[in-house]
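Survey of secondary and tertiary structure
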Amino acid sequence: MDVMETLHSEIFSVWFLIGAALVFWMQAGFAMVEAGFARAKNAGNIIMKNLMDFCIGTVMFIAIGFGLMLGEDALGGFLGLPTIGIFTGYGDFDWSSFVFNLVFCATTATIVSGAMAERTKFLSYCIYSAVISAVIYPIEAHWTWGGGWLAQMGFHDFAGSNCIHMVGGISALIGAIILGPRIGKFSYDKDGKVTKVNAFPGHNIPMGALGVFILWLGWYGFNGAAATTVPQLGSIFVTTTIAPAVATVVCMIFTWIKFGKPDVSMCLNASLAGLVAITAPCDVTDAFGSIIIGAVAGLLVVFGVWFLDYVLHVDDPVGAVAVHMINGIWGTIAVGLFATDSAPEYAIADAAGNTLTGLFYGGGFKLLGIQLIGMLSTAAWTAVTITVTFMVIKAIIGIRASEEEELTGLDVTEHGLASAYSGFSIMDVTGMEMDVNDNTDLGVAEYEKASTAMRDAAVKVQDASAAMPAPYHKVVIVAKLSRYEKLKKALNDLGVTGMTVTQVMGCGVQKGAGEKYRGVEMDATLLPKIKVEVVVGKIPVQSVIDTVKATLYTGHIGDGKIFVYGVDQVVKVRTGEEGLAALQDVE
């Protein structure tokens, strides 16, 4: 019998570490989801952030986080005492527990990245990721998993709906609010009221889908690693499969009805929402409970995305808040509703040792009340500490990248990476309508500030259109990608409503930015440019030239070039109209 018990213990000790490895592999899933749902010009930056989440988190967890989470209980269960046991007593150190809790810690920091993607300074990101791993997560996790005051009450969060996902989601929401939306995400009227929400489609949905499948696989370790018996592990695998599957089906049906077609990216988010929601109750609920938890999660994720876009006007590029915060809250509450003592190894009890079950399984409101106390206290701790963290960073070094950096893309401006897809043609331009955004100025100021002599010397051109016998003119503008929104607005104001837009790469005799790749200087770095083509008839071509010059001018290398060509004839294919009539609805 002792031999079998020893064998059983050893097997589950190995499974515990395999589960930790699966949770680490989830970093790849998060990286793929976030990169796929963002734009190509920021893919390298996103990969770098997800890499550094884990690496910085490891350093901070060694330094202070592990002790605060699992050290000797102090201050009435508020935190653990910091320890350097990993250095002073390595032979007796609990290596498995350290690795297991480290990978969970890194997950919390990763969640924040998605909601703040595409406009956050990399240095600022590294700092707040370190703070989450060192202080914010370890202290609140101690309350539940380190023998702290919530654990003593009977609060239950088996794998982290509350301690990890809700904490990461709240941090993501507050960060996105302080940071502000990406340029062009919302359109505003003259009074600053949002009039339209603009879609920024992810540049690689297959990559995002791969990330979801990686995460789903990793979630079997995320939820199941702490199981102690085969029946308990089997039950956890069942609930961890049912909830996300049902959530995805419900989301597919709902979006099919609401939008006319099933939404791919929303269904991918729904799979993750179902996984988040089942994380806390995965060991204490049954199949029926898993179905209800998953169904609600599939609806909540759609509601969450809509609520952030159309009510709060908060820009969350990957849906992190809807997936992690809202469904983390739901999963924590679901324990108080669906916990059943028919689940294997059921062990929820209050401080007096009385078994507690969920409201819908005859347990009354006691467990639900404990879950609400735990959830609200964890939320309050997170909201206060992350807000202080963001505000301090904002005051000292700033959080948001500059307008130029954001529009150009963080790959090249933060990392000197001209493109994460070298050798591939990538289009990052979104939308053909332009309205004034609160993060954007119209770009005229620089032109007007420049002295008359400087402007004339720098950009004076002769009106050659009169010498062109052609009745129409094609104007081609090549400029910095970051000036596209300003250029689009200016041309629209002039009366040009039709344009062809192409994202290109190029450099002049200045050989681009002179960046280095793996320490080796590149002779020429192709920089992202935008090529805009318009054909005009009634609008004087000189007016187009003057407008473009005023919009693009900064006085620096790379402001752009304008090419004017004569066009002999224009034919509209649909109607057969020719000449000026063919231009009427596109000029």
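Below or above, wherever it landed, is the structure these notes cover. (Residues numbered from 1 in each chain as written. Predicted model: local features only at pLDDT ≥ 70, side-chain atom pairs only at ≥ 80, totals over all residues. Heavy atoms only, no water.)

1. Considering the packing of helix 7 (residues 161–179) against helix 13 (residues 366–396)
One can describe the packing of helix 7 onto helix 13 by two numbers: an axis separation of 9 Å at closest approach and a directional angle of 40°. Put simply, helix 7 runs oblique to helix 13. Here helix 7 and helix 13 pass one another in a crossing that is right-handed. Within the contact between the two elements, helix 7 uses N162, M166, V167, I170, S171, I174, G175 and I178 and helix 13 uses G374, M375, T378, A379, T382, A383, I386, T387, F390, M391 and K394. (Axes fitted to C-alpha atoms, helices over the stretch in contact; angles between N-to-C directions. Helix = DSSP H or I, 4+ residues; strand = E, 2+ residues; numbered from the N terminus. Parallel < 35°, antiparallel > 145°, perpendicular 65-115°, else oblique. Left-handed = near helix turned anticlockwise from the far one by under 90°. Contact = heavy atoms within 4.5 Å.)

2. With respect to the environment of G498
Within the secondary structure layout, G498 lies in the loop between helix 18 (484–494) and strand 6 (500–506). Assessed through its relative accessible area of 18%, G498 is described here as buried. Residues G498 and L583 lie 85 residues apart in sequence; the distance between their C-alpha atoms is 9.0 Å. (Buried < 20%, exposed > 50% of the residue type's maximum accessible area, 1.4 Å probe, protein only.)

3. Considering the pattern of salt bridges
If you walk through the whole model with that rule in mind, you get twelve salt bridges. Between E34 and K49 there is a salt bridge, and its shortest N-O distance comes to 3.7 Å. Placement of the pair is E34 in helix 1 (residues 2–37) and K49 in helix 2 (residues 43–70), with a sequence separation of 15 residues. Each of the two residues, E34 as well as K49, counts as buried. Linking E118 and R39 is a salt bridge whose minimum nitrogen-to-oxygen distance equals 3.2 Å. With a gap of 79 residues between them, E118 in the loop between helix 4 (95–115) and helix 5 (122–145) and R39 in the loop between helix 1 and helix 2 connect regions that are remote in the sequence. Pair check on accessibility: E118 and R39 agree, each one buried. Each member of the salt-bridge network shares a partner with another, and the members are R39, E118, R182 and D315. (Salt bridge = Lys/Arg side-chain N within 4 Å of Asp/Glu carboxyl O.)

4. Comments concerning the side chain of D157
Tracing the backbone shows D157 in the loop between helix 6 (149–153) and helix 7. Of the side chains bearing the opposite charge, K366 lies closest to the buried D157, which forms no salt bridge; the N-O distance is 20 Å. Only 2.9 Å separates the side chain of D157 from the backbone nitrogen of G160, close enough to count as a polar contact. With sequence-adjacent residues up to four places away left out, D157 is seen in contact with T144, W145, N162, C163 and A280. (Lys, Arg positive; Asp, Glu negative; His and termini not counted. Polar contact = N/O pair within 3.5 Å; in protein donor to acceptor, adjacent residues only side chain to side chain.)

5. Focus: helix 13
The terminal C-alpha atoms of helix 13, which comprises 31 residues, lie 45 Å apart, in line with the 45 Å expected from a rise of 1.5 Å per residue. Immediately beyond the C-terminal end of helix 13, within one or two residues, lies G398, with a positive phi of roughly 85°. (Expected span 1.5 Å × (residues − 1).)

6. Remarks on unusual backbone geometry
Its identity is not glycine, yet E118 carries a phi of approximately 80°, on the positive side. Its relative accessible area of 1% is what places E118 among the buried residues. A positive phi angle, close to 55°, is found at H313, a residue other than glycine. With respect to the helices, strands and loops of the structure, H313 is situated in the loop between helix 11 (287–312) and helix 12 (320–338).

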